[in-house]
Amino acid sequence: MTQPSAPILKVENLAVAYKVRGGEIEAVQNVSFDIHRGDSHGIVGESGCGKSTVAWAIVNFLGANGYVKRGSIKFLGQDLVGKSPEELRRLRGDQIAMVFQDPMQALNPSMRLGDQMKEVLTVHRGISESEAEDRCVDMLQRVYMPDAANVMRRYPHQISGGQQQRVVIAMALLNNPALLIMDEPTTALDVTVEAAVLDLIAELRREFDTAIMYITHNLGVVARVCSQVGVMYAGEMVERASVERIFAQPQHPYTQGLIRCIPTLGEDKASSALYPIPGRVPPPNARPAGCIYAPRCDYAQQRCRDERPALRLLADGVQVRCHFTEEIDPGQWTPPEEVEEMVETVNGQADAATPASTNNGKPILELHDLRKYYPVTGGSLRDVLGLGEKRFVKAVEGATFSVPKGSTLGIVGESGCGKSTLIKTIIGLEDSTSGQARFMSFDITEGLSERNMALIKELQMVFQNPDSTMNPSYTVGQQIGRPMVRFGTVPRSQVRDEVIKLLQSMRLGANYYDRLPRQLSGGEKQRVGIARALASRPDLILCDEPVSALDVSVQAAILNLLLDVQREQNTTMLFIAHDLSVVRFFSDNVAVMYLGQIMEIGPADAIYRPPYHPYTEALLSAVPIPDPTVKQKQIRLEGSVPSAVDPPSGCRFHTRCPRRKLLPDDGAICTRETPPWQEAGDGHRIFCHLPLETLASFDPVVESLATH
Amino acid sequence: MARFIVRSLISAVLTMLIVSAALFFFLEVGSGDVTVKILGIESTPEQRASYRTQLGLNAPAWQRYLDWLAGSDWRAERAVGLPLVTVRNESTDEAEWWAERDGELVRWTMRDGELYQLTRQADGSSVESPADVAWQEGENGASYFWGVDADNNAVMWMRGAGETVWVRTKAGFRKEGDGPREYIPLRKGLLRFDAGKSLQTGRPVSVTLWPRVRNTLILAGLAFLIVMPLAVFLGVIAGINEGTWIDRVISIGGLALTATPEFVTGIFLILIFGVWWRVFPAVAIFTSPNAIFEKPMLLVLPVMTLTAVELGYVARMTRASMVEVMEAPYIRTAAIKGMPRRRIVMRHALRNALLAPITIIMLHVNWLIGGVVVVEAIFGYPGLGSYIYSAAIFGDPNAVEAAAMLLVIIAVATRLIGDAAYMLLNPRIRYS
Amino acid sequence: MTVAPQTIDVPPSPSRWSRAWDNLSLVFASRIATVGLVIVLLWLVLGIVSLFWTPYPPNSSLFTQNLMPNSTNWLGTDHLGRDILSRLMAGTQVVLLKTRLPGENGWVIPGGVAVWGVIGALFFGSVLGLNAGYRGGWWDQIIMQVLDALVAFPAIVLYLVIITAFEQGDLVVVFAITVTGTPGIARLVRSLALDIKTRDYIRAAETRGESPSYIMFREILPNARGPVLVDATLRVGYAIFAIGTLGFLGIGLPPPDPDWGSMVNDARRFIFVFSWGVIPPSVAIASLVIGLNLFADGMREELGRYQK
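Parameters and conventions
- Residues numbered from 1 in each chain as written.
- Chains lettered and ligands numbered in written order.
- Predicted model: local features only at pLDDT ≥ 70, side-chain atom pairs only at ≥ 80, totals over all residues.
- Heavy atoms only, no water.
- Contact = heavy atoms within 4.5 Å.
- Buried area = accessible area lost by both parts, 1.4 Å probe.
- Salt bridge = Lys/Arg side-chain N within 4 Å of Asp/Glu carboxyl O.
- Polar contact = N/O pair within 3.5 Å; in protein donor to acceptor, adjacent residues only side chain to side chain.
- Helix = DSSP H or I, 4+ residues; strand = E, 2+ residues; numbered from the N terminus.
- Domains from an automatic or database assignment.
- Pairing = 2+ DSSP bridges.
- Core = buried A, V, L, I, M, F, W, Y, C linked by side-chain atoms within 4.5 Å.
- Buried < 20%, exposed > 50% of the residue type's maximum accessible area, 1.4 Å probe, protein only.
- 1 Å grid on protein atoms, 1.4 Å probe; cavity = no way out; pocket = protein on both sides within 12 Å on 5 of 7 lines; lining within 4 Å.
- Points joined across faces, edges and corners; volume = space filled by probe spheres on them.
- Nonpolar A, V, L, I, M, F, W, Y, C, P; charged D, E, K, R; others polar.

**Re the interface of chain B and chain A**
Then comes step 1: Each partner contributes to the interface: chain B provides 23 residues, whereas chain A provides 36 residues.
Then comes step 2: Buried surface at the junction of chain B and chain A, summed over both partners, amounts to about 2700 Å²; 60% is from carbon and sulfur atoms.
Then comes step 3: The salt bridge involving A:E119 is made with B:R343; its shortest N-O contact spans 2.9 Å.
Then comes step 4: Remark: the boundary between chain B and chain A carries 13 residue pairs in polar contact (both at pLDDT 80 or more).
Then comes step 5: Secondary structure elements with two or more residues in the side of chain B that touches chain A: α1 (2–30), α11 (329–336), α12 (341–363) and α16 (427–430) of chain B.

Pasting the structure below:
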């Protein structure tokens, strides 16, 4: 990786510290890397590893209490550290631009988008208003913003999230910056929108001769847009290599561990396993003296604990911060005993209960044509006075499926597709509008207030956000014990023992009993949340994105834990996620939802290869796969998701369906008639007008998936 | 947007209704026997009972609430059978009630058991003539007549049998023999700007109230005009310099000013400017209704007192909002775009920062009004505040109700203005 | 830009005491809160001492009238020749330490008028705010509409109306403080409840079939505690402010116990001949209110930092 030109950005030995009460925290230390023109340099790492801090240091926006403690940041040859604020201000927005994670937050809610864009030109380049206007419109068109001239006059809340991010990117590119820093630019977006934005970024990288610094936690995204990757851990950069090298031959034990944690699209629990990294990231004030990764490293030796390794340049241009990298062979890696044991039992269960056999089990949950509508009031005067027509958000439309006992049904879809409403209706947080729903012998169309305790006890839920899953005012023990007391499943005198038993099965010690939530890490909170759901020994657990807010290494542990629970207690699960790889890995059956409607449902492996619904196909082609060598078909959806208040007639997907043209009259039937449910065998049903043979004739989105 | 407007309007109307009912029933239930307050504790139970009848206090409470709110002429007209009209009495500047019959304005009076008709002349005087009325048959053979008496009541006389009543005159309390049996005090009701008579003065509340309202509006308006720009300016300065000494001075100073009661501030200002330095008059002595225009210096200390108390609060609200906005991600975006700090504050932060406090500031007009009561009491300023204060001390329900309703109307109106300003400044609502 | 939250290894199972100490250290972490606390404690101590001892009997005219501070009367005497320091000390009692019940026997309950008034407001405000925030819908509409109407009354006007309606007395002032304080606390609790009810642990409670009152009082209220207590502290300040104002207007706490507001009012009548008289009680009220404000402010800042 020798580069002919001088680097645009060269960061050397950077250390950033924050002053806090009673001392100082070094959030980042010993970070060195360089980015060349036309390069796209990824910085990956889990939350809190300091990757954003590096970006803030470059633009000198560390807040009142942060400062660059050591090292240099050379931009186009000149050191940014120690430059006057005024000089830095001139560089920012002109030579260095930045794109942030949440575009809604990043744009000023009370300024027109055009004004926000134009000022970049008028302030830095002194360009006249009207010329700035023209250039902004041009730039918006280059980022494929529909109706660009009109968007200039709008406010941020009037356009969709994907469009907002396009505006932010256009704004960053206006002055043709030498360096573009992107901090998780697609994390807040849905997967199909993310795919389109990533395409755009890749295209811009080729067109504009810009160096990109791309910060993300998502290895799949890195594989798609980056040429170089730096892996950060606990404030240090531990490995740096080309994107192909990182994925093919990760050198640092941490990088290896990270890659082992994530399921690749197409892997399932029967054929593969996830290996979480044991332990947790040390806080900045308690980092070990030697190698920061030593406490969690499987290969750690005495030298690792004593001496901090330097970032070494290996022969083939890879930089690694490890003493023994040459001696480590990832192929020879064996999981630590505890994990191995768990993974084995999980696999054993999966072998015994193949999807076919679970599908033949007695259904525990049956829905038939279940609907959930919410009334909405419009904003016009007529509506306010109650004269307008009654309108509804059709959040769930005609959901029909059954879930065999002991199996897992995964539900995927983008935000707003109704998957959360569906499980809220099942568990009774919402009552259904019409249709039938039975759980065992109970009718569950009514809300919780109508249900009896015997039923309530059988349905429990695991939540998404670890920070809000536990009540901050009560100890772990109190919160897990409450369902036992409430449902009377355990005599009061034995609650404590029972809770401790549960804690232990969650791999948490008895000493967690008296802890308060704020003393727990995200993963630990999630474990407690699972324990609480299990406390009443329910037959059905509904998991609402239980791992999406967690770091990948923790995510793997939680997934394994859930599998373990299922094996031991033969619990049935509904599993919602937006990550198709995770759903594929975790579920026996999968349902794909779009705009309140289930589009396709069937055994997990069948969903992921043709025949599939055109929407499923688009979703699959959008998933970022953490392997730069995988060839993925590029199918992108146009427009944005229509409103659920007036969903499109006929097939709800027809406004965006890329395959509609295959039907006569450009798919006129799709706009008129509700599609039929087509049986593709083994309980696999597709909700589409296209004949099964056509659907089956599609090329697989990802080569490797077809061969499975 | 229509939704927000309709919502706040409906809410305002409901608020007024609830407030009026609460005020009325609260004072009704709580204030005990008002006749004792008017007639004095020496009055006999007989006198009080008679006076109660004259004030119409024997009617059920809900009836009196409706009378008070919407007027009693509706039901009185039904009893009398003639349209009732008000005519302005030139000499007293008060409204008189007359019944309109065949194009003439008439009233009635009873003397020695005989009913006489008073016909109003163009010059305001009246001509007396024997009444030519149709007596109606009541129960047990008695005949009765509903008419209007000379004291603006719709009354019921019994034929040939005047009730013995105690009449309150300027000279004192007098027993009369030709009184009516039932009274409906005539009033147009609060909704039509008639708040009834003050028990304290015997004059209509609305006549004495308006000059007071004007004085108070001048006082509060001046304070408001001084406070708002100054406080917002200080708040913004403190907010963008968070954590610096200037922020500390403004924050702590603001806190000290807010936390010091108006009367303490007022006393200190009087001590300093009125007693020690003698630069401004320490008491507002009103020699004529227009005194504040003739001697504007009278206003200085009251306005200063009000300003001092409000300044701190509004400045602190603005500061808090500014600090929050300056930490918002879009301000970070602007900074990363390389915008100069001045532009960031003026174009990006200010509008959003003023949005949050606007409604709170407008709600805070309540405090300003509370302050007005105290300030007017300290300085003897003849405004609405001192009016309600003296009415409350005396226990004059009509006056308290009217003045309180006015103050509440001001408070609700400013809240509506605040809501409207918020809607206009916030594009998220404007374009929804 | 803030530092990412760090997981701190706290020793397992902290005892009640160490938690209490944690909370206390929160106070001392803020210089502003410490100053406020010191001022408030100073008055509290003076008040408690005055229950047993004052330099002179506070209601007896033992000295020459209108004396400036001197070695006998450290803060001088008032227009009736009473010792101002003694009266000032005793004046703390009715606001912070005792409430006189109506009736001839002169019964007294511990806790001052301001304190009980705020406790009342806390109670009603929490109940109303929780119901409005958690239940929403018509509950919310009706409760908020009624409270909006209450808020529309300028506080002083509401006091005046209440005082017009009832006789003077400690309980009437308590009632007035409760009525004026309720809407504010209810609004605060409502907004907190609206936020807290979106949390997943509330969903968890609902999916265990907990009753609305369990969710409101056991799941939501404990998490609203911090901001509500800070607000209540502020409100004790406002209440003292209001009691002072009522006393000044001559419609506050009934005699004979000395009351700062009426002390200012009495002294004001002699302001041109004896200006000193107004200063001690004015400073007393202002300092106690400012102390409570500083304390609440510092606490709020720390709490915010803590919750981040």
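**Considering the interface of chain B and chain C**
Then comes step 1: Every contact between the two is made by 52 residues of chain B and, on the other side, 45 residues of chain C.
Then comes step 2: For the pair chain B and chain C, the summed buried surface comes to about 4200 Å²; carbon and sulfur atoms form 77% of the total.
Then comes step 3: Considering only the side of chain B, the residues that lose the most area to chain C are B:F26, B:F263 and B:I267, jointly responsible for 14% of the buried surface there.
Then comes step 4: Summed over the shared surface of chain B and chain C, the result is two salt bridges.
Then comes step 5: Across the contact surface, chain B and chain C share five residue pairs in polar contact (both at pLDDT 80 or more).

**Section: the domain arrangement of chain B**
Then comes step 1: Once the domains are mapped, chain B shows domain 1 (39–70 + 72–186) and domain 2 (206–425).
Then comes step 2: The centre of domain 1 of chain B, based on its C-alpha atoms, is set 47 Å off from the matching centre of domain 2 of chain B.

**As for the sheet that holds strand β8 (residues 153–158) of chain B**
The pairing of strands in a sheet comes from backbone hydrogen bonds and takes either a parallel or an antiparallel form.
Residues and elements named next belong to chain B.
Then comes step 1: If you trace the four strands from one edge of the open sheet to the other, you get β6-β7-β8-β11, paired in antiparallel fashion. The open sheet is flanked by β6 (136–137) and β11 (182–185), the only strands paired with a single partner.
Then comes step 2: As defined by bridge partners, β6 adjoins strand β7 (residues 143–148) across two bridges and the pair is classed as antiparallel. Across the sheet, residue Q136 finds its bridge partner in β7, namely Y144.

**Some details on the nonpolar core**
Then comes step 1: If you look at the biggest cluster of nonpolar residues, it comprises 144 residues, and the most contacted ones within it are A:M117, A:L140, A:V167, A:I169, A:Y214, A:I480 and A:F575.
Then comes step 2: By residue number, the principal contributor to this core is helix α22 (residues 552–569) of chain A, which donates eight residues.
Then comes step 3: Those residues in contact with A:M117 that sit more than four places away from it in its chain are A:C136, A:L140, A:M152, A:V167, A:A170, A:M171 and A:L174.
Then comes step 4: Among the nonpolar cores identified, the runner-up in size contains 117 residues, and B:A12, B:V373, C:V113 and C:A267 belong to it.

**What about the environment of A:R537?**
Residues and elements named next belong to chain A.
Then comes step 1: Within the secondary structure, R537 sits in the loop between α21 (522–534) and β19 (540–544).
Then comes step 2: Of the residues examined, R537 reaches a relative accessible area of 45% and is grouped as partly exposed.
Then comes step 3: Spatially, the C-alpha atom of R537 lies 7.6 Å from that of K457, the residues being 80 residues apart in sequence.
Then comes step 4: Apart from the residues lying within four places of it in its own chain, the contact partners of R537 are K457, E458, T489, V490 and E498.

**Structural notes on empty space enclosed by the protein**
All names here are of chain A.
Then comes step 1: Evaluation of the coordinates by the stated rule reveals 13 cavities of 30 Å³ or more.
Then comes step 2: As a volume, the largest cavity reaches approximately 110 Å³.
Then comes step 3: Lining the largest cavity are 14 residues; nearest its centre among them are G257, R260, Y293, D298 and W333.
Then comes step 4: Here the lining of the largest cavity is built from residues that sort into 10 nonpolar, one polar and three charged.

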